[in-house]
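# Structure at a glance
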Amino acid sequence: MKDIKSFIKDASFSDLEKAKTLIESALTERQTQEKAKQEVLALLKEKGLTVDDLVDSGAQDKRAKVQAKYRITRDGETFEWSGRGKRPKAFEGVLLEQYLV
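In this report, we go over the structure that sits alongside the text. (Residues numbered from 1 in each chain as written. Predicted model: local features only at pLDDT ≥ 70, side-chain atom pairs only at ≥ 80, totals over all residues. Heavy atoms only, no water.)

Assigned secondary structure in the protein consists of 3 helices and 2 strands. Secondary structure of the protein in N-to-C order comes out as α-α-α-β-β. Taken over the C-alpha trace, the protein has a radius of gyration of 29 Å; the compact-globule value for 101 residues is 13 Å, which it surpasses by more than 25%. Overall size of the protein, expressed as C-alpha extent along the three principal axes, is 80 × 45 × 25 Å. Buried residues in the protein amount to 10% of all 101 residues. If you take every contact in the protein between residues at least 6 apart in sequence, the share linking residues at least 24 apart comes to 20%. Total accessible area computed for the protein in this model is approximately 9,500 Å², and 53% of it derives from carbon and sulfur atoms. In the protein, the 20 positive side-chain charges and the 18 negative ones have mean positions that sit 5 Å from each other. (Helix = DSSP H or I, 4+ residues; strand = E, 2+ residues; numbered from the N terminus. Rg over C-alpha atoms; globule rule 2.2 N^0.38 Å. Buried < 20%, exposed > 50% of the residue type's maximum accessible area, 1.4 Å probe, protein only. Contact = heavy atoms within 4.5 Å. Areas by Shrake-Rupley, 256 points an atom, 1.4 Å probe, with all protein chains shown as cover. Lys, Arg positive; Asp, Glu negative; His and termini not counted. Charge placed at Lys NZ, Arg CZ, Asp CG, Glu CD.)

Structural data, given as structure tokens:
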């Protein structure tokens, strides 16, 4: 907002008119988008749908989950690790062979 005030203070009349035109255009576009959103939401409500119903469930990550290679229980909590990536803190300072799954 500070930048806008500075611009207004230093801008010429023609620059202010251009800025006014751009702002009015942006406002009109934003109002049109908001109206469209409201219409779509009303139609969804009328049909008994939610936005989540429209989201494709196939868009999930399709990479295969790697099986855990190591398992350790500390303080009643079980930690598993595939052996890939950075070693979790629960497995630091232990012999991994003892915790093979």
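A cluster of nonpolar side chains, M1, I4, F7, I8 and L16, forms an exposed patch at the surface whose accessible area comes to about 500 Å². The leading source of residues in the nonpolar patch is helix α1 (residues 2-10), at 3 residues. Its location among the elements puts I8 in helix α1. (Patch = residues over 30% accessible without salt bridge, like charges linked within 9 Å, V, L, I, M, F, W, Y side chains within 5 Å. Salt bridge = Lys/Arg side-chain N within 4 Å of Asp/Glu carboxyl O.)

Further remarks concern the pairing of strand β1 (residues 70-74). Within a regular beta strand, the side chains point alternately toward one face of the sheet and then the other, so they alternate between its two faces. Direction of pairing for β1 relative to strand β2 (residues 77-81): antiparallel, over a ladder of 5 bridges. By the bridge assignment for β2, I72 is matched with F79. Here β1 folds back onto β2 in antiparallel fashion, the turn holding 2 residues, of which D75 has a positive phi close to 50 degrees. (Pairing = 2+ DSSP bridges.)

For an α-helix, the turn length of 3.6 residues means that residues three or four places apart are oriented alike. Over its 35 residues, helix α2 (residues 13-47) runs 51 Å from end to end, which matches the ideal 51 Å to within 8%, given 1.5 Å per residue. Where α2 terminates, the next one or two residues include G48, which has phi positive at roughly 80 degrees. (Expected span 1.5 Å × (residues − 1).)

Moving on: the pattern of salt bridges. This model, assessed by the stated rule, comprises 2 salt bridges. The shortest N-O distance in the salt bridge between R71 and E80 comes to 2.7 Å. What makes R71 partly exposed here is its relative accessible area of 38%.

Honestly, that's just the spatial picture; any functional story needs more than this.
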